[in-house]
Amino acid sequence: MNNEDAQKLAIMEQDVRISRAMSTIKHKIVVMSGKGGVGKSTVTVKLAEEFTRNGYRVCVLDADVHGPDIPKMMRVREPEITLTGNLINPIPTPVGATVMSIEFFLPSEDTPVIWRGPKKTGAIRQLLSDVNWEGIDVLIVDNPPGTGDEPLTVLQSIPAIDGVIIVTTAQEVSVHDVEKCINMVNQLKIPIMGIIENMSYLQCPECGKRIFLFGKDGGKYLANKFDLQFLGGIPFEKGISGDKSSASSYINTGMVKIFNKVEKYLKDGGVN
Ligand SMILES: Nc1ncnc2c1ncn2[C@@H]1O[C@H](COP(=O)(O)OP(=O)(O)OP(=O)(O)O)[C@@H](O)[C@H]1O
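Only a predicted model underlies this, so the values are computations on that prediction, with no experimental measurement involved.

Conventions and cut-offs
Residues numbered from 1 in each chain as written. Predicted model: local features only at pLDDT ≥ 70, side-chain atom pairs only at ≥ 80, totals over all residues. Heavy atoms only, no water. Helix = DSSP H or I, 4+ residues; strand = E, 2+ residues; numbered from the N terminus. Salt bridge = Lys/Arg side-chain N within 4 Å of Asp/Glu carboxyl O. Buried < 20%, exposed > 50% of the residue type's maximum accessible area, 1.4 Å probe, protein only. Axes fitted to C-alpha atoms, helices over the stretch in contact; angles between N-to-C directions. Parallel < 35°, antiparallel > 145°, perpendicular 65-115°, else oblique. Left-handed = near helix turned anticlockwise from the far one by under 90°. Contact = heavy atoms within 4.5 Å. Nonpolar A, V, L, I, M, F, W, Y, C, P; charged D, E, K, R; others polar. Pairing = 2+ DSSP bridges. Arc of directions from axis to C-beta. Patch = residues over 30% accessible without salt bridge, like charges linked within 9 Å, V, L, I, M, F, W, Y side chains within 5 Å. Areas by Shrake-Rupley, 256 points an atom, 1.4 Å probe, with all protein chains shown as cover.

Bringing the environment of V30 into the picture now. As for its placement among the helices and strands, V30 is situated in strand β1 (residues 27–32). Sequence-wise, V30 and G163 are 133 residues apart; in three dimensions their C-alpha atoms are separated by 6.6 Å.

Quick look at the structure:
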């Protein structure tokens, strides 16, 4: 066998291990965006909390190799890695969910990842195959931003994704980048559950008037253009911004409505 064939075989074997390891997960959701910083991780954490509050056993997979913020946002500090057989157990969080992140395997949380492409995608695939995913009702994956190798690897490696949730702001640049992201997911023939517009508006604490800092209805525009469900908007919220560690303590009415739609989508078997 030449080198290329050996590599193909190793990938196929890993695909089998991933499928086996993930086969017991009831539902898999991938949260993604064409643009960085639009609130993908925040939405992932809030959604995980809503599912947990409603009795689901939830795990969040932080697939962002460069900015693994999820453990901090889910208030996991000094995680203790344990094994079941040779599979790594997800780490419990204070709200009752669990989390798995590349950050747990870095020498320190301040260590930058300077790996090249294949090493990064290899790390993502290894997490998928080497984690103990037993007993999880809903896996929510925080996919790295953009349409590059890493988000693509997540979409191609996770079998039977129930649906992708696309996060955008109303801003033109975000909408434009998200269009590329939607096209990528469509090309892979993975269902898109719907669009969330984050940072939709700021409500003036004095007069209650809504200020649309990033313009209006970018999320609805995308939903109409691609014939997708608009899952809802989330306003700017004081409690959510700044210190990422504070995100977990915060409940948002917009998020409850979004959760209801996402839960209905899963119960209906992936039909909008
Ligand atoms: N609705 C909101 N109101 C106020 N601040 C928000 C809101 N959503 C997100 N933020 C803040 O915006 C910043 C970026 O959010 P977040 O990290 O969730 O984005 P991201 O899309 O996951 O970023 P990255 O591309 O780095 O992964 C954070 O400081 C977060 O607290």
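On we go.
This part covers the pattern of salt bridges. Between side chains of opposite charge, a pair can form as their charged atoms come close. A full pass over the atoms with the stated rule returns 11 salt bridges. A salt bridge links D137 to R57, with the shortest nitrogen-to-oxygen separation between them at 3.0 Å. Taken together, the residues span a long stretch of sequence, with D137 in the loop between α4 (117–130) and β7 (138–142) and R57 in the loop between α2 (40–53) and β2 (58–62) at a distance of 80 residues. Here K180 and D177 are joined by a salt bridge, their closest N and O atoms 3.9 Å apart. Of this pair, K180 and D177 both sit in helix α6 (residues 172–187), 3 residues apart, which is roughly one turn of the helix. What makes K180 partly exposed here is its relative accessible area of 47%. One salt-bridge network, in which partners are shared between bridges, spans K26, R57 and D137.

Relative orientation of the contacting elements α6 and helix α7 (residues 218–225) amounts to 30 degrees, with a least axis distance of 11 Å. Taken together, the axes of α6 and α7 are roughly parallel relative to one another. Every pair of crossing elements has a handedness; the one defined by α6 and α7 is right-handed. Residue-level contacts link V175, V178, E179 and I182 of α6 to G218, Y221, L222 and K225 of α7. Class assignment for the residues of the contact of α6 with α7 results in 5 nonpolar, 1 polar and 2 charged.

Burial of β1 is extensive: 5 of the 6 residues sit out of reach of the surface. Pairing of β1 with β7, which is carried by 5 bridges, proceeds in the parallel orientation. Paired with K28 across the bridge in β7 is L139. Bridging between β1 and strand β8 (residues 163–168) involves 4 bridges; their strand directions are parallel. Bridging across to β8, M32 finds its partner in I166.

Along α7, the residues classified as buried are G218, G219, L222 and A223. Along the axis of α7, the buried positions cluster into a sector of 140 degrees, meaning they face one direction only. Of the surrounding secondary structure, the elements contacted by the buried residues of α7 are β8, α6, β9 (192–198) and β12 (230–234). Just downstream of α7, D227 is the residue with a positive phi angle, here 55 degrees.

Looking now at a nonpolar patch on the surface. On the surface, M1, L9 and M12 cluster together into a nonpolar patch covering about 360 Å² of accessible area. By the secondary structure assignment, L9 is in helix α1 (residues 3–22).

What follows concerns the side chain of S129. Position of S129 relative to the elements: it lies in helix α4. Since its relative accessible area comes to 4%, S129 is described here as buried.

Looking now at the sheet that holds β1. Reading across the sheet, the 8 strands line up as β5-β6-β2-β7-β1-β8-β9-β12 and stay open at both edges, with mixed pairing between neighbours. Sheet topology places β5 (91–92) and β12 at the edges, where each strand pairs with a single neighbour. Two strands pair when backbone bridges link them, and β5 and strand β6 (residues 98–101) are joined in this way by 2 bridges, in the antiparallel orientation. Bridge pairing links I91 to V99 in β6. Contacting β1, β2, β7, β8, β9 and β12, α2 runs over the sheet at an angle of about 170 degrees to β7. Set on the sheet, helix α5 (residues 149–157) makes contact with β1, β7 and β8; between it and β1 the angle comes to about 165 degrees.

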